[in-house]
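Chain by chain, the residues run as shown.
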Amino acid sequence: MLKLLLKKQLLEIFQVYYYDAKKNRARSKVSTVLHFLLFALLVFGLLGGIFTFLAVKLCTPLLTAGMDWLYFALMGLISVLLGAFGSVFNTYAGVYLPKDNDLLLSMPIPVSALVGARLAGVYLMGLLYSAIVILPAVLVYWGTAGVTLPAILGGLLLTLLISIFVLTISCMLGWMVARISQKLKHKSLITVLVSLAVFCLYYFVYFRAQTMIQQLLTNAAVYGARIKGSAYPVYLFGSVGVGDVKASIIVSAAVAVLFGLMWLLLSHSFLQITTATGKVARREYREAPSRQRSISTALLCREFSRFAASPSYMLNCGLGTFLMPVCGIAVLWKGRELFAVLDAIFAEPPDSVPFLLCVMLCSLASMNFMTAPSVSLEGKSLWLLQSLPVEPWRVLHAKIRMQLLLTGLPLLLCIGCTAAVYPLHPMHLLMLLLFVGSYTLLMALVGLFLGVKMPTLTWTNEIMPIKQGAPVMITLFCGFGYMVLLFVGFMFLPGWMLGFLGYMSCFVGANLLLSVLIYLWLRKQGVASFSAL
Amino acid sequence: MLRIEHLSKTYGNKKAVDDLNLHIAPGEIYGFIGHNGAGKTTTLKSVAGILQFDTGEIYIDGKSIRTQPLECKRSFAYIPDNPDLYDYMTGIKYLNFIADIFHISAADRQMRIRKYGDLFELTDDLAQPIAAYSHGMKQKLAIISAWLHQPKLILMDEPFVGLDPKASHLLKGMMREVCDAGGAIFFSTHVLEVAEKLCDKVAIIKGGKLIRSGTMETVKGDDSLEDVFLELEGESC
């Protein structure tokens, strides 16, 4: 039974690789393999590359200092943090909210098998995120210290233990969210706020970790002794990767106990939470005069309703909207000191600080890609728009407008806060506005282009189009690649020779040119593709 | 009101609808019956402009759904077999959204929402999110939204599925009212007793082909519609 459910769960997760929703038929084997390769390249090639770089940086100094365990402890903790952070947001939706829960519960399926299958989905997500860090770490270690049997066994065991530990943490947090949300009135908003708090905590730890890593590298022996003395479990955890038998047994037992407790908790509460109707008071309808809105406004409001109703959508595809005001306030608070430091560090090439501002704002805007999953999110209710007297372009336009508004307004706030503490030359400010504006437009159009080209309308859990859909993945990496190109071109390549204004003008021009091309495609082929879905 | 001419639609190698011709005049309730997979939903979706068909033409009030989709869509309402509405909206938000699309004035929409909401005993639930609605409640909401803009033509795919007896009775009355006011109804159903009592005309489809159509009397003669349907099904086999 569990095998069957697991197969279904895996098919659901990787549906997009096997099934072409646009052509309504299974993909060819070649196409499936190519899709998997592209995914592997993006995830492991790009993200894995970043962590390989970190591992290389840490490995030799720590190994030279005889602190192999500290290397694994550090990389392991980063892996746990990334794994838990990556999968915690969809654990609640993935375990308790799939649309086929009712159907499966009505069948002669043991609840434990259903819980097991749901956990397999969470486990895979956690494994994916944690493996991006820990696998390069293990491989770099083998490359540096040599491939020995204890190192092989230790590395593999550590990877396995981390993935199970990540699953345990994600499920615990998912369970907490489920319990709390049963009694909440404004679930979406509170879920977003709590998740943002977790997000801030993550970054707090992350930035502290950066400083700590630097200090650790310079005083590895001192800190190593201190951690071993005061945080012995961390020492044991790191020692697993080296192949220490005693540490492996103790950590494995601890992880197994924690996992067992989590399993007990989940299997006992799953049925109650899944079938609960909620104890929130029923909202009474009171007739109130309504206002007649234009079709465009109605469609825009519909997009906002969709966005505001889903914490997963808000957090995964609209994080920038929430973070930009926070960053704006942070700039007002600590901006003067920050810019003084930046001015001192980046005296060369000239105008580096306004340029870095562009990169920072660009990275914040890149966190918003609501248009990418928006077509897929129409799902089974797509018939409504198709049967209503609405031009398809208006629907697509509403999606673009939502992203522009939810990105543009917070960006303006951020720029305003920055300009208040770091007076920019009027031309620099104008260029900043032009660049950020054109980039925001480009990202909205790219997301929608991919959304129309690669829609998945047959999902059973909205997490699929929001988090695992190809349009989202590709848009995310497009934004990431764009930032790298922008940064490297000015800081490391001769882009700075054009000067800030010249260099940024090229990007603004390219943004606008690409935007016009994609806009024209959307107006013609995009509309036709959307109508034919 | 609705004219379907030589409509054909193929999925891969399977011909879902094969050279279908139908004419639904104002004032008619037209039933569309056939076994599962006969081509009823494909036909209705093609008329509603949801599905692009291969050949043929569909005219609504003299306008082609292919060349003038917006004009056609302004004059009809469509209710699918499974009302997948916007779960993230409340009932009232959804109705207001539909009213906005059809440019219904604030006063008119308020009056109609109250009228149909009360009729289907859904008014008290309009502030609830649609996600919390049962299948029957969603069906009622879909019906209210269809009637909201007073369309000339109403297309319905299995409209009685999920409705309680009272709501079914109400719907039948509302269908008759539309036709008495010069409108037309084209709906599919598996409930042959309902079709027999309610429809002015009926069409039977099998394997995508129209095998019989006309007034209820012409199609069934002295037999029951069920007997005729089963006999035709057998013949075709």
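The shown structure was predicted, so the numbers you read here are calculated from the model rather than taken from an experiment.

When helices and strands are counted, chain A shows 22 helices and 2 strands. Seen along its three principal axes, the alpha-carbon backbone of chain A occupies a region of about 70 × 70 × 50 Å. In chain A, buried positions account for 41% of the 533 residues. Look at the contacts in chain A between residues 6 or more apart in sequence, and 86% of them connect residues 24 or more apart.

This next bit is on the interface of chain A and chain B. On the side of chain B, 31 residues touch chain A, which itself brings 27 residues to the contact. Going through the elements one at a time, α12 (295–309) and α17 (382–387) of chain A are the ones with two or more residues in the side of chain A that touches chain B. For the side of chain A that touches chain B, the leading source of residues is α12 of chain A, giving 6 residues. Considering only residue class, the side of chain A that touches chain B consists of 10 nonpolar, 7 polar and 10 charged.

All names here are of chain B. Across the sheet, which stays open at both edges, the 4 strands sit in the order β2-β1-β4-β5 with antiparallel pairing between neighbours. The open sheet has two edge strands, β2 (14–24) and β5 (63–64), and neither has a second partner. As defined by bridge partners, strand β4 (residues 55–60) adjoins β5 across 2 bridges and the pair is classed as antiparallel. Its bridge partner being in β5, Ile60 is matched across the sheet by Lys63. Across the sheet, helix α1 (residues 40–47) touches β1 (2–11), β2 and β4, and the angle it forms with β1 is around 120 degrees.

Here we come to the pairing of β4 of chain B. Two strands pair when backbone bridges link them, and β1 of chain B and β4 of chain B are joined in this way by 5 bridges, in the antiparallel orientation. Paired with Ser8 of chain B across the bridge in β4 of chain B is Thr55 of chain B.

Quick look at the sheet that holds strand β7 (residues 153–157) of chain B now. Residue and element names in this part refer to chain B. One open sheet holds the 6 strands; their spatial order is β6-β7-β8-β3-β9-β10, and the pairing between them is mixed. Strands at the two margins of the open sheet, each flanked by one partner only, are β6 (76–79) and β10 (209–215). When the angles between neighbouring strand axes are averaged without regard to direction, this sheet yields 15 degrees. Alignment of strand β9 (residues 201–206) against β10, held across 6 bridges, turns out to be antiparallel. In the strand pairing of β10, Ile205 is matched with Leu210.

Residue and element names in this part refer to chain A. Per the domain assignment, the segments making up chain A are domain 1 (2–6 + 39–275) and domain 2 (295–531). Measuring from the centre of the C-alpha atoms in domain 1 to the corresponding centre in domain 2 gives 30 Å. Contacts between the two partners involve 15 residues from domain 1, matched on the other side by 16 residues from domain 2. Elements with a contribution of two residues or more to the side of domain 1 that touches domain 2: α3 (29–64), α4 (68–96) and α8 (187–218). Of the residues that constitute the side of domain 1 that touches domain 2, the class distribution is 8 nonpolar, 5 polar and 2 charged.

As a further point, take the pairing of β7 of chain B. All names here are of chain B. Burial runs high along β7: 5 of the 5 residues are buried. As paired strands, β6 and β7 are joined by 4 bridges and run parallel to one another. Residue pairing across strands places Ala77 opposite Ile154, the latter belonging to β7. The sheet contact formed by β7 and strand β8 (residues 184–188) spans 5 bridges and is parallel. Paired with Leu155 across the bridge in β8 is Phe186. In the classification by handedness, the crossover that spans β7, the intervening helix α6 (residues 165–180) and the parallel β8 is right-handed.

This part is about the environment of Tyr439 of chain A. Residues and elements named next belong to chain A. Here Tyr439 lies in helix α19 (residues 426–453). By C-beta crowding, Tyr439 is classed as buried, having 25 other C-beta atoms within 10 Å. Residues in contact with Tyr439, not counting those within four places in the same chain, are Cys362, Ala365 and Asn511.

Attention shifts here to unusual backbone geometry. All names here are of chain B. Positive phi outside glycine occurs at Asp19, with the angle close to 50 degrees. Looking at where Asp19 falls in the secondary structure, it is placed in strand β2. Exposure remark for Asp19: the 14 C-beta atoms within 10 Å place this residue in the partly exposed category. Of note in the backbone geometry, Gln150 takes a positive phi value of approximately 50 degrees without being a glycine. Tracing the backbone through its elements, the reader meets Gln150 in the loop between α5 (135–148) and β7. Look at Gln150 and you get partly exposed, because 14 C-beta atoms sit within 10 Å.

Calculation rules
- Residues numbered from 1 in each chain as written.
- Chains lettered and ligands numbered in written order.
- Predicted model: local features only at pLDDT ≥ 70, side-chain atom pairs only at ≥ 80, totals over all residues.
- Helix = DSSP H or I, 4+ residues; strand = E, 2+ residues; numbered from the N terminus.
- Buried ≥ 20, exposed ≤ 12 C-beta atoms within 10 Å, placed from the backbone.
- Contact = placed C-beta atoms within 7 Å.
- Nonpolar A, V, L, I, M, F, W, Y, C, P; charged D, E, K, R; others polar.
- Pairing = 2+ DSSP bridges.
- Axes fitted to C-alpha atoms, helices over the stretch in contact; angles between N-to-C directions.
- Domains from an automatic or database assignment.
- Right-handed = clockwise from strand over helix to strand, strands pointing away.

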